[in-house]
Amino acid sequence: MVEVLVWLGTLIFAATGALKGVEKGFDLLGVLVLATVTAVGGGSIRDVLVGTLPPTALHNEPLLWSVVLTGLLVFRFHPRVQAMERLIYYLDTLGLGLFAALGAERGLVSGLGPFGVALAGTLSGVGGGVLRDVLSGEVPGILYRAGDLYASAALVGALVVYALYGTHPEGALFAGTLATVLLRIFGRRLGLRLPTPR
Amino acid sequence: MVEVLVWLGTLIFAATGALKGVEKGFDLLGVLVLATVTAVGGGSIRDVLVGTLPPTALHNEPLLWSVVLTGLLVFRFHPRVQAMERLIYYLDTLGLGLFAALGAERGLVSGLGPFGVALAGTLSGVGGGVLRDVLSGEVPGILYRAGDLYASAALVGALVVYALYGTHPEGALFAGTLATVLLRIFGRRLGLRLPTPR
Amino acid sequence: MVEVLVWLGTLIFAATGALKGVEKGFDLLGVLVLATVTAVGGGSIRDVLVGTLPPTALHNEPLLWSVVLTGLLVFRFHPRVQAMERLIYYLDTLGLGLFAALGAERGLVSGLGPFGVALAGTLSGVGGGVLRDVLSGEVPGILYRAGDLYASAALVGALVVYALYGTHPEGALFAGTLATVLLRIFGRRLGLRLPTPR
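- The name given to chain A in an unreviewed UniProt entry is Glycine transporter domain-containing protein, with the source organism recorded as Thermus scotoductus.
- Taken from UniProt, the Subcellular location (unreviewed entry) comment for chain A reads in full: "Cell membrane".
- Listed in UniProt under the heading Sequence similarities (unreviewed entry), the comment for chain A reads: "Belongs to the UPF0126 family."

**Examining the overall build of chain A**
- Within chain A one finds 7 helices and 0 strands.
- Ordered by position from the N terminus, the helices and strands of chain A form the series α-α-α-α-α-α-α.
- In terms of C-alpha radius of gyration, chain A reaches 16 Å, essentially the compact-globule figure of 16 Å for 198 residues.
- Its C-alpha atoms give chain A principal-axis dimensions of roughly 45 × 45 × 30 Å.
- Taking all 198 residues of chain A together, the buried fraction comes to 58%.
- Of the contacts made within chain A by residues no fewer than 6 positions apart, 76% connect residues no fewer than 24 positions apart.
- Total accessible area computed for chain A in this model is approximately 8,200 Å², and 68% of it derives from carbon and sulfur atoms.

**Thoughts on the pattern of salt bridges**
All names here are of chain A.
- One pass over the full model with this rule turns up 24 salt bridges over all chains.
- Residues Arg184 and Asp148 are paired through a salt bridge, measuring 2.9 Å at the closest nitrogen-oxygen approach. One end of the pair, Arg184, is in helix H7 (residues 169–189); the other, Asp148, is in the loop between helix H5 (114–135) and helix H6 (151–164), and 36 residues separate them in sequence.
- Taking relative accessible area as the criterion, Asp148 reaches 23% and is therefore assigned partly exposed.
- Several salt bridges converge on common partners, so that one network encompasses Lys20, Lys24, Arg132, Asp133 and Glu138.

**Describing the interface of chain B and chain A**
- Taken together, the contact pairs 26 residues of chain B with 30 residues of chain A.
- Carbon and sulfur atoms supply 76% of the area that chain B and chain A bury against each other, a total of about 2,300 Å² over both sides.
- Three residues stand out in chain B for area buried against chain A, namely Asp27, Leu29 and Leu58 of chain B, and they jointly supply 26% of the buried area on that side.
- Across the contact surface, chain B and chain A share 0 salt bridges.
- On the surface where chain B and chain A come into contact, there are 7 residue pairs in polar contact (both at pLDDT 80 or more).

**Focus on the UniProt feature "domain: Glycine transporter" (unreviewed entry) in chain A**
- Per the UniProt entry, the sites bearing "domain: Glycine transporter" (unreviewed entry) are residues 4–78 and 90–165 of chain A in this numbering.
- Annotation note: span residues 4–78 of chain A, helix share 81%, strand share 0%, distance between end C-alpha atoms 24 Å.

**A short note on helix H3 (residues 61–82) of chain B**
- Given a rise of 1.5 Å per residue, 22 residues ought to cover 32 Å, yet the end C-alpha atoms of H3 of chain B are separated by just 27 Å, more than 12% below that figure.
- In H3 of chain B, a bend of some 80° at Arg76 of chain B exceeds every other bend along the element, and Pro79 of chain B, a proline, comes one to four places later.
- Taken together, the buried positions of H3 of chain B are occupied by Glu61, Leu63, Leu64, Ser66, Val67, Val68, Thr70, Gly71, Val74, Phe75, His78 and Val81 of chain B.
- Looking at the buried positions of H3 of chain B, the neighbouring elements they touch are H5 of chain A together with helix H1 (2–23), helix H2 (28–50) and helix H4 (85–109) of chain B.

**Concerning the UniProt feature "transmembrane region" (unreviewed entry) in chain A**
All names here are of chain A.
- UniProt's feature table lists "transmembrane region" (unreviewed entry) at residues 57–75, 87–104, 116–135, 147–165 and 171–187, given in the numbering used throughout.
- A helix fraction of 100% and a strand fraction of 0% characterise residues 87–104, whose end C-alpha atoms lie 26 Å from each other.
- In this annotation, residues 147–165 is assigned 74% helix and 0% strand; the end-to-end C-alpha distance for the span is 30 Å.

**Quick look at the environment of Tyr150 of chain B**
Residues and elements named next belong to chain B.
- Topologically, Tyr150 is positioned in the loop between helix H5 (114–135) and helix H6 (151–164).
- Sequence spacing of Tyr150 and Val181 is 31 residues, and the spatial spacing of their C-alpha atoms is 9.3 Å.
- When sequence neighbours within four positions are dropped, the list of residues in contact with Tyr150 reads Phe13, Asp92, Leu96, Val126, Ile142 and Arg184.
- A polar contact is formed between the side chain of Tyr150 and the side chain of Asp92, at a distance of 3.2 Å.

**A short note on the relation of the copies chain B and chain A**
- Turning chain B through 120° and shifting it by 0.0 Å along the axis lays it on chain A, with an RMSD of 0.0 Å. What the rotation and shift describe, once combined, is the action of a three-fold rotation axis.

**As for the relation of the copies chain A and chain C**
- Placing chain A over chain C gives an RMSD of 0.0 Å and needs a rotation angle of 120°, together with 0.0 Å of translation along the axis.
- Counting the interface residues of chain A, we find that no more than 12% of their copies in chain C are interface residues as well, pointing to two distinct contact surfaces.

**Observations concerning a nonpolar patch on the surface**
- A cluster of nonpolar side chains, Phe174, Leu178, Leu182, Phe186, Leu190 and Leu192 of chain A, forms an exposed patch at the surface whose accessible area comes to about 610 Å².
- For Phe186 of chain A, a relative accessible area of 42% corresponds to the partly exposed category.

**Some words on the packing of helix H5 (residues 85–109) of chain C against helix H7 (residues 151–164) of chain C**
All names here are of chain C.
- Between H5 and H7, the shortest axis-to-axis distance is 8 Å and the interhelical angle comes to 45°. Taken together, the axis directions place H5 and H7 in an arrangement best described as oblique. For the element pair H5 and H7, the recorded crossing hand is right-handed. Residue-level contacts link Leu96, Ala100, Ala101, Ala104, Glu105 and Leu108 of H5 to Ala154, Ala158, Val161 and Tyr162 of H7.
- Its residues assigned to classes, the contact of H5 with H7 shows 9 nonpolar, no polar and 1 charged.

**Let's talk about the side chain of Asp27 of chain B**
- Inspection of the secondary structure assignment puts Asp27 of chain B in the loop between H1 and H2.
- Among buried Asp, Glu, Lys and Arg side chains, Asp27 of chain B stands out as unpaired, with Arg193 of chain A the closest opposite charge at 7.3 Å.
- In terms of polar contacts, Asp27 of chain B uses its side chain to reach the backbone amide nitrogen of Gly30 of chain B, at 2.9 Å.
- Apart from residues no more than four positions distant in its own chain, Asp27 of chain B is found in contact with Ile142, Leu143, Tyr144, Arg145, Ala146, Leu194, Pro195 and Thr196 of chain A together with Phe75 of chain B.

**Considering the interface of chain A and chain C**
- In this assembly, 26 residues from chain A lie in contact with 30 residues from chain C.
- Summed over both sides, the interface of chain A with chain C buries roughly 2,300 Å², with 76% coming from carbon and sulfur.
- Ranking the residues of chain A by area buried against chain C places Asp27, Leu29 and Leu58 of chain A at the top, with a combined share of 26%.
- Taken together, the links from chain A to chain C amount to 7 residue pairs in polar contact (both at pLDDT 80 or more).
- Elements with a contribution of two residues or more to the side of chain A that touches chain C: helix H2 (28–50), helix H3 (61–82) and H5 of chain A.
- With 7 residues, the top contributor of residues to the side of chain A that touches chain C is H3 of chain A.
- Considering only residue class, the side of chain A that touches chain C consists of 16 nonpolar, 7 polar and 3 charged.

Basis of the calculations
- Residues numbered from 1 in each chain as written.
- Chains lettered and ligands numbered in written order.
- Predicted model: local features only at pLDDT ≥ 70, side-chain atom pairs only at ≥ 80, totals over all residues.
- Heavy atoms only, no water.
- UniProt positions renumbered as here; feature names shortened; annotations may be inferred.
- Helix = DSSP H or I, 4+ residues; strand = E, 2+ residues; numbered from the N terminus.
- Rg over C-alpha atoms; globule rule 2.2 N^0.38 Å.
- Buried < 20%, exposed > 50% of the residue type's maximum accessible area, 1.4 Å probe, protein only.
- Contact = heavy atoms within 4.5 Å.
- Areas by Shrake-Rupley, 256 points an atom, 1.4 Å probe, with all protein chains shown as cover.
- Salt bridge = Lys/Arg side-chain N within 4 Å of Asp/Glu carboxyl O.
- Buried area = accessible area lost by both parts, 1.4 Å probe.
- Polar contact = N/O pair within 3.5 Å; in protein donor to acceptor, adjacent residues only side chain to side chain.
- Expected span 1.5 Å × (residues − 1).
- Bend = angle between axes of the 7 residues up to and from the residue.
- Least-squares fit on C-alpha atoms with pLDDT ≥ 70 in both.
- Patch = residues over 30% accessible without salt bridge, like charges linked within 9 Å, V, L, I, M, F, W, Y side chains within 5 Å.
- Axes fitted to C-alpha atoms, helices over the stretch in contact; angles between N-to-C directions.
- Parallel < 35°, antiparallel > 145°, perpendicular 65-115°, else oblique.
- Left-handed = near helix turned anticlockwise from the far one by under 90°.
- Nonpolar A, V, L, I, M, F, W, Y, C, P; charged D, E, K, R; others polar.
- Lys, Arg positive; Asp, Glu negative; His and termini not counted.

Here it is as C-alpha cells:
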C-alpha cells in the first residue's frame, strides 16, 4: 500500500519536473533529466545526508525506468497533461505529504532530533523541486511563494511524525501525511499566507 | 572557548543568510531556509565530502534552533540588524576564519594533503554562502568580488593550519583563524585586489 | 595509458571551466574555482553517490595542483587558448567519453543496475560542467542544446560499458569511450538533433 503510494508520488513528481522542462523549451534529454531529478532528487539528498549510499532510488531500476517513461509521456502529450492541472495539484500534494513523512522516519531511524527529522522530512519532500528550479535557472518557489504552504506543510507533517512515531509508527506516518495534505489544501482555501518582511 | 566562537560564527552566518532572504523579499520560510543553509551549509558540504554522515550540525539541536531563532529575529528586526553593518562585517570575518581553520583540521584528520585540506577549509568557510547565493538566484560573490578577499583569505588560513598543525595543533588553529581575519580586513584597507582577466 | 588519458581529460575540463570564468569576467579565484569544479566535480558527485568518501580526486594532490596550474595558464593566456577552439572540442569530447566510461565502471562495481550505471557514467562526464554552469548563473547547456549530443553521448557510452563489461572489461571501456566520441562528433556532422517539445 505504502509502496504503491510512493510510486504514485514519485511519478507525479517526475511529471511536474518534465512539465517544467517542456515549459522552458528544453530538449528531450533536458526534460528527462528534470523528470528524474524532481522525482528522486529529494530522497537522494536525504540519503546522502543520513549516509545511505548509494541512495536507495539508484537501486530501484523499475522505478527509475517508470520515471523516464513518465517523462517521455509528458514530453509527447504535454498539452493534455497540463490540462489535468487540478489532478496534478492534488496528487503532487499527496506525494509531498508521503515523502515528508517517510523522510522524517528515515531521520528518526538515523537518530536525529526534532530539527534534524524535520529537515530530513522536508528535504525529502521538496529537495527534488528545489534542484529542478535551480537547474531551470529559477529561484526555488518554496522560498517566496508565501501563499502556497508547500515546504511549510511538509515541515509540519515531518514534525507530526516526530511527535507520534514512538507511540504508533504507522499511525504517525499516516497522521504526518494527512497533516501536510490538509495544511496545503485548506491553507490555500482559507487564504493562509506566510508573512513576508516589511 | 572554541565552542563559544563556533556558535557565534554560526549565528552570524545565519544572520547574513536571513538578511539576504529579507533583501530578496522571500517569505518567512525562505528567510529561515537561507539562515539555516548559510549557517550549516558549508560545514555540511565538508562533512559529506569527508564522509562524516549525518553531518555533525544535523545532530546539534540547540545550535539548529538557535539558527532559526536568529533568523526569526532578523526577519522581525531587519532594519536594526542592517544598521549594524560594520559589526556584522567583523563578526562574519571571524566566523569565516574559524570555520576555515576548523574545516582544515577536519581535512587533516581525514588524511587529505595540502590541496584537499585547503579545499575542506575553504568550503567550510564559504560553502554556506555559495549555497545561499545560488538559491537566491545570484552568482556566488566569491567568484567575482575581486576587491573582497573572502574565499582567498579562508584558503590562506586553511593552508596556515596545514603548515603548522603538526607542530602545535591549537596554535595552528589560532594562527589560521588570525591569518584569514587579518588578510580580509587589511586586504580591504590596503586596497588589495585579486587580478581579473584582461 | 588510461591514467594518462584521465589526466588529459581532467586538465581539458579544467581549461573549459577556466575559460568560462574568464568569459564571465570572474576574478582569479573565481577562474580557479570554476577550473577545479569543472575538472573534478562530476567524478566527486559520482563518488558521493556511490559512497566513496572522501572522493578520490580529493586525495590526488598532483592532479589537483595540475588543475590549478591549468587554470592559471588559461587565466594568463586565454586569447591563445580560445583560439584552439577545435582542439579543445575534440579533447573535451575525449574527456567526456573517458569519464562516462570510467564512471559507468564505478557504478557497476557498486552493484547498480543499467539505469544506475548510466546515471553514474553520465554524471561523471557532465556533472562538473553542470556545476560550472550553475555557479556561473547559467542554465546547464546539457538541458537545452538539442544540436550538441553531449550528455546523451555520455549516456550511450555508459550503456555500452554496461552491456559489454561482463564479457571483456577493458574492451567495454574502450567501446564505451568510442561510442561517446563518435556519437558526439558524427552527431554534429550529420546534424542529429534531440527533439524539443512542440
